[in-house]
Amino acid sequence: MVAQNTIKLKPYSRGFHLITPEITKHLPKITGLVNVFIKHTSASLTINENADPTVREDFEEHFNKLVSEKETYFKHTLEGPDDMTSHIKNSLLGSSINFPIKSGLPLFGVWQGIYLCEHRNNGGSRKLIITAYGKGD
């Protein structure tokens, strides 16, 4: 069985946001694998710590130092200083995640959750494609 949904997330502020419930409510009751793909080049997805919010703050601070908007060599800045840096962060983190499910429930580790990594100051709403592959229960 293959199931696919496209969902639209509300706009999030710049930073790393837990969106696990927004994804899991769209999972079919199957056992298999899920792929979540973001249809944007200036935001990313990742799976990481879901309990302590300072982890998400540390991610934001680290990525802003790793790919600084203060650099003067970026040419692709038509939409502002967060333009090219957002594309680089997207390439570093990725546009999709995969995880196993059993009976429609993610098989995450105890402290794992899905992050929307919003790299733009004003990114707007984001579209995700959720594709689940597996067998029905």
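Before going into details, it helps to say that this report is about the structure given with it.

Conventions we followed
- Residues numbered from 1 in each chain as written.
- Predicted model: local features only at pLDDT ≥ 70, side-chain atom pairs only at ≥ 80, totals over all residues.
- Heavy atoms only, no water.
- Helix = DSSP H or I, 4+ residues; strand = E, 2+ residues; numbered from the N terminus.
- Rg over C-alpha atoms; globule rule 2.2 N^0.38 Å.
- Buried < 20%, exposed > 50% of the residue type's maximum accessible area, 1.4 Å probe, protein only.
- Contact = heavy atoms within 4.5 Å.
- Salt bridge = Lys/Arg side-chain N within 4 Å of Asp/Glu carboxyl O.
- Patch = residues over 30% accessible without salt bridge, like charges linked within 9 Å, V, L, I, M, F, W, Y side chains within 5 Å.
- Areas by Shrake-Rupley, 256 points an atom, 1.4 Å probe, with all protein chains shown as cover.

**Description of the overall build of the protein chain**
Broken down by element type, the protein chain carries three helices and eight strands. Reading the helices (α) and strands (β) of the protein chain from amino to carboxyl end gives β-β-α-β-β-α-α-β-β-β-β. Computed over its C-alpha atoms, the radius of gyration of the protein chain comes to 16 Å, within 12% of the 14 Å expected for a compact globule of 137 residues. C-alpha atoms of the protein chain, sized along the principal axes, occupy 55 × 30 × 20 Å. Counting the 137 residues in the protein chain, one finds 42% classified as buried. The contacts in the protein chain between residues at least 6 apart in sequence include a share of 84% that link residues at least 24 apart.

**Overview of the pattern of salt bridges**
Using the criterion set out here, one finds seven salt bridges in the structure. Between D82 and R120 there is a salt bridge whose closest N-O contact spans 3.1 Å. Residue D82 is located in the loop between α2 (53-66) and α3 (83-93), and its partner R120 is located in the loop between β7 (112-118) and β8 (126-136); the two are separated by 38 residues in the primary sequence. A residue is classified by how much of its surface remains accessible, and D82, at 4% relative accessible area, is buried. Here R120 falls in the buried class, since its relative accessible area comes to 10%. A salt bridge links E118 to R126; its shortest N-O distance comes to 2.8 Å. Judged by relative accessible area, which is 4%, R126 ranks as buried.

**Regarding a nonpolar patch on the surface**
On the surface, a nonpolar cluster with roughly 290 Å² of combined accessible area is contributed by V2, L33 and Y133. Judged by relative accessible area, V2 falls into the exposed class, the value being 58%.

Honestly, that's just the spatial picture; any functional story needs more than this.
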